[in-house]
Amino acid sequence: MKKRTRLLTAMALMAGAFSNIQAADLYVSLANGANGNEGTKEAPLKNLWKALKVAKEGDVIHVAQGIYPGQTKRGWFDITEPVSIIGGYSDDFSDRDPIKYVTKLQPKNENNKDQGTGLGIINIGFEGKQNVKMVIDGLTIDEAYSNTYHKEKGKPEGFDLGMLVPQGPAKGATLDNPTKEAEQPSRVAALIYIRGVYDTGDITIQNCVFANGDNYGIMGGWPEGNIRVLNNVFVNNRMIGVDIAGAKPDQYGKPTANIANLEFANNTILFTWTRTNEMIDMGYGARCNAKFNCDFHHNIVGLSVFSGLDMTKGEDKTKNIKIDNNVFFLNKKGDLSFTISPSIKFIGVDEFEDIEGEPGYKSMQGNISLKDPKAFGAKINQKYLENFLIASYKEKTDYDPNSPANLFRAALGMNQVGSIQSSVSMYANHYPVEEMYQLFGAMDKYGAQIPKK
């Protein structure tokens, strides 16, 4: 038995060593590459989509600066093998700085019809692979140029474009976007969509910029292992910045105990908008779901239309939540939202001690409420900030039950009629992605720091 055990151990070690030997580095340069090349540093591939097609499990794809369009310029990318993507290189790979050498995924409106599944600009899913190890590092994902914006409504003075029209236009609306007249709406669910159902392992997403998302920044599910979201900037995304569900089903299809972990650390997340321009639901910086261990620390979470962190999805007692050493500011309804059956409660940092120790809440220490965003200097677009703070939705109902038309309709047993005029001062308007990079290092120790080379 001992000999057999030693043999199996040796075989496992050899398999691991062979796997490491087989892992390769692939290089992609939009400026200097060609898709017929070998993918070496000296002969890089031209497109990221091509590298994803040829990469094998464990490979690392190094991507130089540029705006990568996707195959046939369709603007979305499938990751079907556990590979890592490292962006932020100079064209010849002699230097790496994700802020200086921007590796950007920025799909365009005219290619929205080619989005396929429409789950994300990056889709991650492996159909049951175990012990996944992968990193996404140094990418900018910006949906502004595939979004639809209104030409006139929700357009503060000095803005080039009006409000976001989520998931496409209402009939008869006059529309525009940063490139051209809207042809077809963007329908992606998130900038990065993780569709792990039976996959397990570790995914790290770091040093990235998530900008102008028509929907979530990062969303999806991961049943077992670790999701690490570290040192990223999220600005101007709709509904929720990060929302990842856990809970691997057991043999009866019921969720098991906490076996997935989310570490959300040193991120800066600003301007998270509600689901619709009526501003009545959603609008959270990040969320902890049921059956998940969540560790939020050293983040800057501000300017959410609802709350900075949301704990309302699932029973708190099924979670393990740590919220330590974060900076919160100007979240409109509260810094944290949680459920006190049957209602939702919004609280600020000064009330965190009231729920620490309650079922699910393990630690809530060292959090700071920042009252004045001037601590950021001029690193937040001031015009955008000023209009966000006064953003509002108004309705005016024009209904007169005693009007001649309604009296006549009532006499005939018909429904009465009226009209509603709505107006919104601002809603998820385009935020210049070029201004987001200065948020790296805006505050020492808190939020996204300057990426290490």
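These figures come from a predicted structure and were not determined experimentally.

Calculation criteria
- Position numbers for residues count from 1 along each chain, tracking the sequence in the order it is written.
- Side-chain atom pairs in this predicted model are given and counted only at pLDDT of 80 or more, local residue features only at pLDDT of at least 70, and totals for whole chains, interfaces and linings cover all residues.
- Just so you know, side-chain values use all the structure's heavy atoms and leave hydrogens and water out.
- Secondary structure elements follow DSSP: runs of H or I no shorter than four residues count as helices, runs of E no shorter than two count as strands, and numbering proceeds from the N terminus.
- Between N or O atoms, a polar contact is any pair within 3.5 Å; within protein, one atom must be a potential hydrogen donor and the other a potential acceptor, and residues adjacent in sequence are included only when both atoms are from side chains.
- Contact between two residues is taken to exist if any of their heavy atoms lie within 4.5 Å; hydrogens are not considered.
- Side-chain rings of Phe, Tyr and Trp, where Trp is taken by its six-membered ring, are said to pair if the distance between their centres is within 6.5 Å; with planes under 30 degrees apart they count as stacked, over 60 as edge-to-face, and otherwise as tilted.
- Here the term buried applies to any residue with accessible area under 20% of the maximum for its type, exposed to any over 50%, and partly exposed to those in between, with areas from a 1.4 Å probe on protein chains only.
- A ring is considered to have a charge above it if a Lys NZ or an Arg CZ atom is located within 6 Å of its centre and within 35 degrees of its normal.
- Note on pairing: two strands pair once DSSP finds at least 2 bridges between them.
- For helices, the fitted line uses only the C-alpha atoms of the stretch in contact; every axis is such a line through C-alpha atoms, and the angle between N-to-C directions lies from 0 to 180 degrees.
- Pairs of cysteine sulfur atoms within 2.5 Å are what we label disulfides.

A.B. asks: Summarise the side chain of Asn-215; cite the residues concerned and give the values.
C.D. replies: Looking at the secondary structure, you find Asn-215 in the loop between strand S14 (209-211) and strand S15 (216-221). Among the polar contacts made by the side chain of Asn-215, one reaches the main-chain carbonyl oxygen of Val-188 at a distance of 3.0 Å.

A.B. asks: Requested: an account of the environment of Lys-445, with residues and values cited.
C.D. replies: Its location among the elements puts Lys-445 in the segment after strand S32 (419-424). Considered as a pair, Lys-445 and Asn-325 are 120 residues apart in the sequence and their alpha carbons are 9.6 Å apart. Residues in contact with Lys-445, not counting those within four places in the same chain, are Asn-266 and His-298.

A.B. asks: Give a description of the packing of aromatic side chains that names residues and reports values.
C.D. replies: Inspection of every chain in the model, using the stated rule, returns 16 aromatic pairs. Here Phe-264 and Phe-296 contribute two aromatic rings whose centre-to-centre distance is 5.8 Å and whose plane-to-plane angle is 65 degrees, an arrangement assigned as edge-to-face. In this pair, Phe-264 is assigned in strand S19 (residues 260-265) and Phe-296 in strand S22 (residues 293-297), connecting sequence segments 32 residues apart. Each member of the pair, Phe-264 as well as Phe-296, is classed as buried. Aromatic rings pair up to connect Phe-159, Phe-271, Trp-273, Tyr-384, Phe-388, Tyr-427 and Tyr-431 into one cluster. Just above the ring of Trp-76 sits the side chain of Arg-74; from NZ or CZ to the centre is 4.4 Å.

A.B. asks: Account for the environment of Lys-362, with residues named and values stated.
C.D. replies: Counting through the fold element by element, Lys-362 comes out in strand S29 (residues 361-363). Relative accessible area serves as the criterion here: at 51%, Lys-362 is assigned to the exposed category. For the pair Lys-362 and Asp-295, spaced 67 residues apart in sequence, the C-alpha to C-alpha distance is 9.7 Å. Those residues in contact with Lys-362, other than ones at most four positions away along the chain, are Asn-320, Ile-321, Lys-322 and Glu-356.

A.B. asks: Can you lay out unusual backbone geometry for me, pointing to particular residues and giving the numbers?
C.D. replies: The phi dihedral of Asn-212 falls on the positive side, at around 55 degrees, and the residue is not glycine. Position of Asn-212 relative to the elements: it lies in the loop between S14 and S15. For Asn-231, which is not glycine, the phi dihedral falls at a positive 60 degrees. Within the secondary structure layout, Asn-231 lies in the loop between strand S16 (224-230) and strand S17 (233-238). Judged by relative accessible area, Asn-231 falls into the buried class, the value being 12%.

A.B. asks: Please give an account of helix H3 (residues 382-389) that cites residues and values.
C.D. replies: If you check which residues of H3 are buried, you get Tyr-384, Leu-385, Asn-387 and Phe-388. Each element contacted by the buried residues of H3 is listed here: S17, strand S20 (268-273) and strand S23 (300-304).

A.B. asks: Requested: an account of the sheet that holds strand S24 (residues 307-310), with residues and values cited.
C.D. replies: Strand order in this open sheet of nine strands is S4-S7-S12-S15-S18-S21-S24-S27-S28, and the pairing throughout is mixed. At either end of the open sheet lies a strand with only one pairing partner, and these are strand S4 (77-79) and strand S28 (343-347). Sheet twist, expressed as the average angle between the axes of neighbouring strands with direction ignored, equals 20 degrees. Two strands pair when backbone bridges link them, and S15 and strand S18 (residues 240-245) are joined in this way by four bridges, in the parallel orientation. Bridge assignment links Met-219 to a residue of S18, and that residue is Asp-243.

A.B. asks: Hey, could you go over the state of the cysteines for me, with residue numbers and the actual values?
C.D. replies: According to the stated counting rule, one finds one disulfide in the structure shown. Linked covalently through their sulfurs, Cys-288 and Cys-294 form a disulfide whose S-S length is 2.2 Å. Residues Cys-288 and Cys-294 are joined by a disulfide whose S-S torsion is about 90 degrees; by sign, that bridge is right-handed. No difference in accessibility class separates Cys-288 from Cys-294, as the two residues are buried.

The values are spatial; any link to function lies outside them.
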